[in-house]
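Secondary and tertiary structure notes
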Amino acid sequence: MSSKKYILEMFPYPSGNIHMGHVRNYVIGDICARYHKLKGDEVIHPMGWDAFGLPAENAAIQFKTHPQDWTLQNIKNMKRQLQKLDLDLDWDRELATCNEEYYKHQQELFIDLYNAGLAYKKDALVNWDPVDQTVLANEQVIDGKGWRTGAEVEKKNLSQWFFKITNYAEELLTGLDSLDLWPEKVKTMQKNWIGKSIGAEIKFEISGSTDFLNIFTTRPDTIYGATFIAVSVNHKIVSDSLDKKSIEDIKNTFTSISDEKEKLGIKLNLNCKHPLLDKEIPIYIANFVLDTYGEGAIFGCPAHDERDFEFANKYSLPIIKVVECEDGKLPFSGEGKVINSPLLNGLEKKDAIEKIVNHFKKEGIGNEKVNFKLRDWGVSRQRYWGCPIPVIYYEDGTYRVLDKDELPVLLPYNVNLEGKGNALLKKEDWRKLTCPKMNKTAFRETDTLDTFVDSSWYYMRFLNNKLNSPFDSKQIDNLLPVDKYIGGIEHAILHLLYSRFFMKALRDIYGFNVDEPFKQLFTQGMITHKTFRTSKNEWVMPKEVVSKNGALIRLKTKEVIKEGPCEKMSKSKKNVIEPDEILSSYGIDATRIFMISDSPPDRELEWTDEGIQSSKNLIHRIERYFSNEKSLVQNGVEENVEKFVHNIEKNILNFSLNKCVADIYTLFNYLEKTKTFLHNSPLSKKILTCIFPILPRLAISINQSLFNSKNFSLWPDVNLDLLIDDKIILPIQIQGKLVTTIDTEKGYSQEEILKSIYQLDKIRNKISDKKIIKVINVQDKIINIITN
RNA sequence: GCGCCAGUGGCGGAAUGGUAGACGCGCUGGUCUUAGGAACCAGUGGGCAACCGUGGGGGUUCGAGUCCCUCCUGGCGCACCA
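The structure displayed is predicted, hence computed values, not measured ones.

A few words on unusual backbone geometry. Cis geometry is found at the peptide bond from Leu-407 to Pro-408, where omega equals 0 degrees. Note that Pro-408 resides in the loop between strand E21 (399–401) and helix H11 (428–431). A cis amide bond links Leu-480 to the next residue, Pro-481, at an omega of 0 degrees. Here Pro-481 lies in the loop between helix H14 (473–479) and strand E25 (482–488). Non-glycine residue Ser-316 carries a positive phi angle of around 50 degrees. Note on placement: Ser-316 falls in the loop between helix H9 (306–314) and helix H10 (349–363).

Below, the structure is given as structure tokens:
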């Protein structure tokens, strides 16, 4: 029975050359694809280029080449490299996101999203990468630094385009449960990223005013312990009550401290009324309150929150215990009975929360509230080399999202890329136009889309890369989700979350029946290699180092070299292995098999010379085996070949590709050990079919010479009867410890076996005069004799 | 700090609760030779042995690398998320 299999590897950024990481990624996918083709499945296995993005602009400045020329040239070279690897890819599906043929459809999708209320523009405090001179999404800021440049990110207030991913927060979270073929780890990371918290929103009345301050809390049960309010410096109440200069000063104070975690607060000249008690509590501007989470304001309950406790101690604020705890030590954030809280005394946390929220609702001062950490996705980038956003602005400041018949908005080729900032902004003749619909002067949006937008739907476009619309809904329903998506763990959050959002958003716009884009996700491990350094800590390439009298010496200079740890291949550490060089000295098949040999594909693979060499040796060994023209068949060969077929199939399906390699060794060890020569027998054909996905070149050449054929048979059906071996080695245990094993056949009864093993000295000595209390007999598996 | 994952020979790694160490690398001895980035044969967890061995300690079980508790170590992720 044939079925469709969409096998996809994450498409590469065309940086110039493929590296070993790509090779491993694509070999894994290629093995799957070839296997499924042999199974008779209708396999989709495309490849394309994630071709927009900053490196092209940087290269333009550095090498004085145009980003487009640079990119297209890189694509050409990398395509050549991939083809050298003989990957079985559907090149007729190829696409590059920087081509008009791709991005014009993306502009259409932008319009769709806008019309569906999922794209909007707002002034926002954004993360500004001063090196790349562009805005970054929250998830592209890591430890306060740009994910690409590593530069300290600044805050800037800019008008930006956003995608309303938060509309799908709940579904993006619950959808994870249906992804049973995704690594737990990735799901956990997404779950944490989405960050759902269930709690309450509570209104605090500002004293001497009719205004309220909203706060979000997950612990409304501790409301009686609230002794202060803290707000972020960016909170509205701050700009309402202080002048710009003082706010700037506070911000400077906050950023000047060396210990980021040190709590700082500035008391506002305002108080709040406690919602339940007849007392006033102070409002502080505090450095530890996040303006991007919840309402940017909290109530402080020092007795039951570590941060609030620290803050209260520093500013001598009262600490009121409202939850009972065993040792009485504060702060205590665990569960316990509520105390000192008139409405809630004696209740457990869960009941207390329910009761107090109901009370708030009745009084109109609060509500249940679910809060998400996930923010909307900022997609504006102040860059030239990206997909133009199909929007124009008028002189009065209003804007219009273009209609589909006004597309495409082409990226102009002739731009000045010198200097910093966005080249489109300086391209007056492109920017300025007369709006054909309104017949007045207009200016194009000069921001381009985040390249993560490009990769959020490329797997849809692959289904028909020539279609005159983004995709065909029927095809999406029939051919998605991607059955196996293979790529690096580094995309665990960004790319995969955005793609899931696109799938869902476009599903709702176009009415697809697909909820998730990737049914199975497989994250391959990176490739590491030894590192070496001189005494001055300069990196040295491994091939320059030789071992001499137990010491490591640099060949050229005779310097003594120290060996460092195995690390991810990187140019700066000089431990990179170039695929082109390896391919020319070891060949495709040896390279392929080494990529899967030494560790499971989802774990790190250490590059070693011995490893690649032994892969090469295996290729020679198989060649030698089949070049023997003898035909000599031993009993049991069929069973062994059957076992081989069965195991290798199971292991391909599980991505246990390292075990496939072991299966190949095991088979040839057996054949050679038993001096079985199959030559051009049907069994040889079967074996060749099964090694074809892993070693295609070798299988093809042997198939040619033995059978004079270019074709392989379909993947053989496994005859399960042949897998059952009547001869067994039965372990005998006494008191659960292995004493001996006996060669026997299946099906003997407990009595028969016991009778025969009592004759064995080993057993008799062990038992001697002891009484046998019990015998555990797992038929044909093990016998365990229990004595007193 | 919180969360997740993992700890098995000299190394990479195998083991539906049922013979721990498949398979490979390395190593040791040997064979052959057009002296090779070969190939072949034998061996290779520790211990002379009885036995002991899957990070430590407990537990469940006839039986634990595998399940439970606890601690240690390492990796990854998140990190003032109220």
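Following the structure, the description resumes.
A separate point is the sheet that holds strand E12 (residues 228–231). Strand order in the open sheet formed by 4 strands is E13-E14-E12-E15, with mixed pairing between adjacent strands. Here the strands that pair on one side only, and so sit at the sheet edges, are strand E13 (265–273) and strand E15 (297–300). Taken pair by pair, the neighbouring strands of this sheet meet at an average axis angle of 30 degrees, ignoring direction. Relative to strand E14 (residues 280–286), E13 runs antiparallel, the two sharing 6 bridges. Across the sheet, the residue bridging to Asn-271 is Pro-282, located in E14.

One pass over the full model with this rule turns up 43 aromatic pairs. Here Phe-311 and Tyr-315 contribute two aromatic rings whose centre-to-centre distance is 4.9 Å and whose plane-to-plane angle is 50 degrees, an arrangement assigned as tilted. Phe-311 gets classed as buried once you look at its relative accessible area, which sits at 0%. We classify Tyr-315 as partly exposed; its relative accessible area is 24%. A ring pair is formed by Tyr-458 and Phe-462, whose centres lie 5.5 Å apart and whose planes are at 65 degrees; its orientation type is edge-to-face. Site record: aromatic cluster; members linked through ring pairs are Phe-110, Tyr-114, Trp-161, Phe-163, Tyr-168, Trp-377, Tyr-393, Tyr-399, Phe-452, Tyr-498, Phe-501 and Phe-502. For Lys-263, the ring lying beneath its charged end belongs to Phe-288, and the centroid distance is 5.5 Å.

Core analysis: the largest hydrophobic core is formed by 164 residues, its most contacted members being Tyr-459, Phe-502 and Ile-664. Counting residues per element, this core draws most heavily on helix H1 (residues 20–38), which supplies 10 residues. Residues contacting Phe-502, with those up to four places away along its chain left out, are Leu-109, Leu-113, Phe-163, Trp-377, Val-453, Ser-456, Trp-457, Tyr-459, Met-460 and Arg-507. Of all hydrophobic cores here, the second largest spans 38 residues; its members include Ile-223, Ile-257, Cys-301 and Val-338.

Counting buried residues in strand E1 (residues 4–9) gives 5 out of 6 residues, a clear majority hidden from the surface. Across 3 bridges, the pairing between E1 and strand E2 (residues 42–44) is parallel. The residue of E2 that forms the bridge with Lys-4 is Glu-42. For the crossover from E1 across H1 to E2, the handedness is right-handed. Here E1 runs beside E25; their pairing, made up of 3 bridges, is parallel. Each bridged residue has a counterpart across the sheet, and for Leu-8 the counterpart in E25 is Tyr-485.

The immediate surroundings of RNA strand B are formed by 49 residues, with Glu-260, Arg-307, Tyr-586, Asp-598 and Lys-659 found nearest. Take the atoms of RNA strand B that sit within 4 Å of the protein: sugar and phosphate atoms are 62% of them. In the model, a base oxygen of RNA strand B is placed 2.5 Å from a nitrogen or oxygen of the Lys-263 side chain. Asp-598 has a polar backbone atom sitting 2.2 Å from a sugar or linking oxygen of RNA strand B. In terms of residue count, the dominant contributor to the surface near RNA strand B is helix H20 (residues 657–673) (8 residues). Here the residues of the surface near RNA strand B sort into 18 nonpolar, 15 polar and 16 charged.

This paragraph deals with a negative patch on the surface. A contiguous patch of negative charge on the surface is contributed by Asp-143, Glu-152, Glu-154, Asp-259 and Glu-260. Looking at the element boundaries, Asp-259 is found in the loop between helix H8 (244–256) and E13.

Looking now at the side chain of Glu-445. Along the polypeptide, Glu-445 turns up in the loop between strand E23 (441–444) and strand E24 (448–449). The side chain of Glu-445 sits in the buried core without any salt bridge; Lys-121 is the nearest counter-charge, 4.1 Å away. For Glu-445, the side chain forms a polar contact with the side chain of Tyr-393, separated by 2.4 Å. When residues no more than four places from it in sequence are discounted, the contact partners of Glu-445 are Lys-121, Trp-161, Ile-389, Val-391, Ile-392, Tyr-393 and Trp-430.

A cluster of basic side chains, namely Lys-737, Lys-762, Lys-766 and Lys-770, defines a positive patch on the protein surface. Position of Lys-762 among the secondary structure elements: in helix H25 (residues 761–767).

The next thing to look at is helix H17 (residues 588–597). In an α-helix, one full turn covers 3.6 residues, which means residues spaced three or four apart are oriented alike. Counting buried positions over the 10 residues of H17 gives 10, a clear majority of the element. Residues Ile-588, Asp-589, Ala-590, Thr-591, Arg-592, Ile-593, Phe-594, Met-595, Ile-596 and Ser-597 constitute the buried set of H17.

A few words on the environment of Gly-366. Tracing the backbone through its elements, the reader meets Gly-366 in strand E16 (residues 366–372). The buried category is assigned to Gly-366, whose relative accessible area is 12%. Along the backbone, Gly-366 and Tyr-586 are 220 residues apart, and their C-alpha atoms lie at a distance of 70 Å.

The rules behind the values
- Residues numbered from 1 in each chain as written.
- Chains lettered and ligands numbered in written order.
- Predicted model: local features only at pLDDT ≥ 70, side-chain atom pairs only at ≥ 80, totals over all residues.
- Heavy atoms only, no water.
- Helix = DSSP H or I, 4+ residues; strand = E, 2+ residues; numbered from the N terminus.
- Pairing = 2+ DSSP bridges.
- Axes fitted to C-alpha atoms, helices over the stretch in contact; angles between N-to-C directions.
- Phe/Tyr/Trp six-rings, centres within 6.5 Å; stacked < 30°, edge-to-face > 60°.
- Buried < 20%, exposed > 50% of the residue type's maximum accessible area, 1.4 Å probe, protein only.
- Lys NZ or Arg CZ within 6 Å of the ring centre and 35° of its normal.
- Core = buried A, V, L, I, M, F, W, Y, C linked by side-chain atoms within 4.5 Å.
- Contact = heavy atoms within 4.5 Å.
- Right-handed = clockwise from strand over helix to strand, strands pointing away.
- Near = heavy atom within 4 Å.
- Polar contact = N/O pair within 3.5 Å; in protein donor to acceptor, adjacent residues only side chain to side chain.
- Nonpolar A, V, L, I, M, F, W, Y, C, P; charged D, E, K, R; others polar.
- Patch = residues over 30% accessible without salt bridge, like charges linked within 9 Å, V, L, I, M, F, W, Y side chains within 5 Å.
- Areas by Shrake-Rupley, 256 points an atom, 1.4 Å probe, with all protein chains shown as cover.
- Salt bridge = Lys/Arg side-chain N within 4 Å of Asp/Glu carboxyl O.
- Lys, Arg positive; Asp, Glu negative; His and termini not counted.
- Charge placed at Lys NZ, Arg CZ, Asp CG, Glu CD.

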